[in-house]
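The primary structure of each chain is shown beneath.
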Amino acid sequence: MTATDHPVSAPVRLSRLLAVGSLLGLIVLGLAWELWLAPLRPGGSWLALKVLPLCIPLVGLLKNRMYTYRWVSLVVWLYFIEGVVRATSEPPPGAWLAALEVLLCLTLFAGCTLHVRLRLKAAKSAHATPNTESLTP
């Protein structure tokens with residue numbers, strides 16, 4: 001461990017797991033929904049391509065890049081809106097899948113915002129802690 005490495009707390013790891021897991025869930029749900037479970041057209045739909053933008057931030061989340069957590073927490077609202085519209089306008093099973101999309105979006109938003117807050121708080125407290133080794137006589 002180098003001087004710049006800091007131990008990662010359990011809540012930070014959990015928030016990262018929550019964000020990555022829900023993003024993966026959105027990708028899998030989007031593909032399964034539009035290709036097999038309830039596509040708009042029999043045999044699958046080009047709407048499955050909606051998951052491609054979700055694949056871009058996956059790399060940043062896996063590399064634990066703070067910037068990615070921040071912008072994903074904004075982009076996820078586009079998928080949330082789609083889920084709300086389709087949950088209220090489609091018959092089952094599409095409505096149920098849309099409700100699951102809404103739940104995954106809310107989980108992703110919570111995971112990202114919690115992760116950013118916890119990491120900023122940890123960085124602030126690590127920066128504010130004085131070096132006790134220099135204080136000993």
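Here is what the cut-offs are and how they apply
- Residues numbered from 1 in each chain as written.
- Predicted model: local features only at pLDDT ≥ 70, side-chain atom pairs only at ≥ 80, totals over all residues.
- Heavy atoms only, no water.
- Helix = DSSP H or I, 4+ residues; strand = E, 2+ residues; numbered from the N terminus.
- Buried < 20%, exposed > 50% of the residue type's maximum accessible area, 1.4 Å probe, protein only.
- Contact = heavy atoms within 4.5 Å.
- Polar contact = N/O pair within 3.5 Å; in protein donor to acceptor, adjacent residues only side chain to side chain.
- Core = buried A, V, L, I, M, F, W, Y, C linked by side-chain atoms within 4.5 Å.
- Patch = residues over 30% accessible without salt bridge, like charges linked within 9 Å, V, L, I, M, F, W, Y side chains within 5 Å.
- Areas by Shrake-Rupley, 256 points an atom, 1.4 Å probe, with all protein chains shown as cover.
- Salt bridge = Lys/Arg side-chain N within 4 Å of Asp/Glu carboxyl O.
- Axes fitted to C-alpha atoms, helices over the stretch in contact; angles between N-to-C directions.
- Parallel < 35°, antiparallel > 145°, perpendicular 65-115°, else oblique.
- Left-handed = near helix turned anticlockwise from the far one by under 90°.
- Nonpolar A, V, L, I, M, F, W, Y, C, P; charged D, E, K, R; others polar.

Along the protein chain, the regular secondary structure elements total four helices and zero strands. Traced from its N-terminal end to its C-terminal end, the protein chain shows the element sequence α-α-α-α. Considering the protein chain as a whole, with its 137 residues, one finds that 34% of them fall into the buried category. At a minimum sequence separation of 6, the contacts of the protein chain that also span at least 24 residues come to 73%.

The next subject is the side chain of Glu82. Within the element layout of this structure, Glu82 appears in helix α3 (residues 66-89). Given a relative accessible area of 18%, Glu82 falls into the buried group. A polar contact of 2.8 Å, which involves the side chain of Glu82, links it to the side chain of Lys50. Contact partners of Glu82, with chain neighbours within four places excluded, come to Leu47, Lys50 and Glu101.

A word on the side chain of Glu34. Note that Glu34 resides in helix α1 (residues 10-37). A distance of 2.6 Å separates the side chain of Glu34 from the side chain of Arg86, its partner in a polar contact. Those residues in contact with Glu34 that sit more than four places away from it in its chain are Pro39, Leu40, Gly44, Ser45, Leu47, Ala48, Lys50 and Arg86.

With that out of the way, let us pick up the nonpolar core. Judged by nonpolar contacts, the single largest core of 23 residues is most densely connected at Leu23, Leu26, Trp33, Leu54, Tyr69, Leu108 and Cys112. Contributing elements (two or more residues each) for this core: α1, α2 (52-62), α3 and α4 (94-128). In this view, Trp33 contacts Ala38, Pro39, Lys50, Arg86, Glu90, Gly94, Leu97, Ala98 and Glu101; residues no more than four positions away in its chain are not counted.

Taken together, the side chains of Leu31, Leu35, Trp36 and Leu37 define a hydrophobic patch exposed on the protein surface, amounting to about 410 Å² of accessible area. Assessed through its relative accessible area of 30%, Leu35 is described here as partly exposed.

Let us look at the packing of α2 against α3. Across the interface, α2 lies against α3 with an axial gap of 10 Å and an inter-helix angle of 155°. One way to sum up the angle between α2 and α3 is to call them roughly antiparallel. The crossing of α2 and α3 is left-handed. Contacts from Pro53, Leu54, Ile56, Pro57, Gly60 and Leu61 in α2 reach Thr68, Tyr69, Trp71, Val72 and Tyr79 in α3. The residue makeup of the contact of α2 with α3, split by class, is nine nonpolar, two polar and no charged.

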